[in-house]
Amino acid sequence: MIGADSINLASAQAESGSLGKGILGALVGSLISAVPWAIVGYMGYFASIFGLVTGLLTKKFYELFHGRKGKGKVAVIVICALIGVAVGCFGADAIALGVEISRGTYTEITMGQIPAFILWSLIYVPEYRAEAIRSLCYGVGFALIGMFDVLRGIKQENEEPTATDLD
């Protein structure tokens, strides 16, 4: 049987992580997952498996960087995973633009101007904006579906043990 002191010690150790380090780790994990997301997106596919990969990597790197356990962990992982999805979606567009620039299709912009061109297109080109929003919605949807099990596992981690769990 587990005593109250060991439960308090485990709870204190779980809370001793750093939220800042966890956020940094979650961002690193989500940005790593954005790379294959962008490559697959450039090839014209959406694979829901990358939603799971995004969730797993974001959670894993949160933990590797010793992020604090608790209810904030879910929010950090979801927000960072959504950032990874956005980077992956726009990364696919950046790859496509880079390929077209290297082929000589777009001579008026350089590789270094790709991020600014994408931002400009989002603001001033309604067709691109509509397609980007659609792509982001698909990406977010797949990411949330893929992360469902990851988020459920985090929720179970955060639940306090009850007296019946200790027997």
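Everything numeric in this text was worked out from a predicted model, so none of it was measured.

### Some thoughts on the overall build of the chain
Okay, step 1: On a plain count of helices and strands, the chain comes out with 7 helices and 0 strands.
Okay, step 2: Starting at the N terminus, the α and β elements of the chain follow one another as α-α-α-α-α-α-α.
Okay, step 3: Expressed as a percentage of its 167 residues, the buried residues of the chain come to 30%.
Okay, step 4: Considering only intrachain contacts with a sequence separation of at least 6, the fraction spanning at least 24 residues in the chain is 75%.
Okay, step 5: Of the roughly 10,000 Å² of accessible surface on the chain, a fraction of 67% belongs to carbon and sulfur atoms.

### Re helix α5 (residues 114-124)
Okay, step 1: Residues of α5 that are buried include every one of I114, I118 and S121, and no others. The arc that holds every buried residue of α5, seen down its axis, measures 60 degrees, which confines them to one face. Projecting away from the buried face of α5 at angles above 90 degrees are the exposed residues P115, A116, L119 and Y124.

### Description of a nonpolar patch on the surface
Okay, step 1: On the surface, a nonpolar cluster with roughly 510 Å² of combined accessible area is contributed by V35, I39, Y42, M43 and Y45.
Okay, step 2: Topologically, I39 is positioned in helix α2 (residues 19-42).
Okay, step 3: You can call I39 partly exposed: its relative accessible area is 42%.

### Considering the side chain of S135
Okay, step 1: In this structure, S135 sits in helix α6 (residues 126-158).
Okay, step 2: Discounting chain neighbours no more than four positions away, the residues touching S135 are F46 and C89.

### Let's talk about the packing of α2 against helix α3 (residues 49-64)
Okay, step 1: At a minimum axis separation of 7 Å, α2 and α3 run at an interaxial angle of 155 degrees. The orientation of α2 relative to α3 falls into the category roughly antiparallel. The two elements α2 and α3 cross, and the hand of that crossing is right-handed.
Okay, step 2: Among the residues forming the contact of α2 with α3, the class breakdown is 13 nonpolar, 8 polar and no charged.

### What to know about the pattern of salt bridges
Okay, step 1: Inspection of the entire model under this criterion finds 4 salt bridges.
Okay, step 2: K73 serves as the salt-bridge partner of E63, at 2.8 Å between the closest nitrogen and oxygen. Of this pair, E63 sits in helix α3 while K73 sits in helix α4 (residues 71-103), and the two are 10 residues apart along the sequence.
Okay, step 3: With a relative accessible area of 1%, K73 lands in the buried category.

About the cut-offs
Residues numbered from 1 in each chain as written. Predicted model: local features only at pLDDT ≥ 70, side-chain atom pairs only at ≥ 80, totals over all residues. Heavy atoms only, no water. Helix = DSSP H or I, 4+ residues; strand = E, 2+ residues; numbered from the N terminus. Buried < 20%, exposed > 50% of the residue type's maximum accessible area, 1.4 Å probe, protein only. Contact = heavy atoms within 4.5 Å. Areas by Shrake-Rupley, 256 points an atom, 1.4 Å probe, with all protein chains shown as cover. Arc of directions from axis to C-beta. Patch = residues over 30% accessible without salt bridge, like charges linked within 9 Å, V, L, I, M, F, W, Y side chains within 5 Å. Salt bridge = Lys/Arg side-chain N within 4 Å of Asp/Glu carboxyl O. Axes fitted to C-alpha atoms, helices over the stretch in contact; angles between N-to-C directions. Parallel < 35°, antiparallel > 145°, perpendicular 65-115°, else oblique. Left-handed = near helix turned anticlockwise from the far one by under 90°. Nonpolar A, V, L, I, M, F, W, Y, C, P; charged D, E, K, R; others polar.

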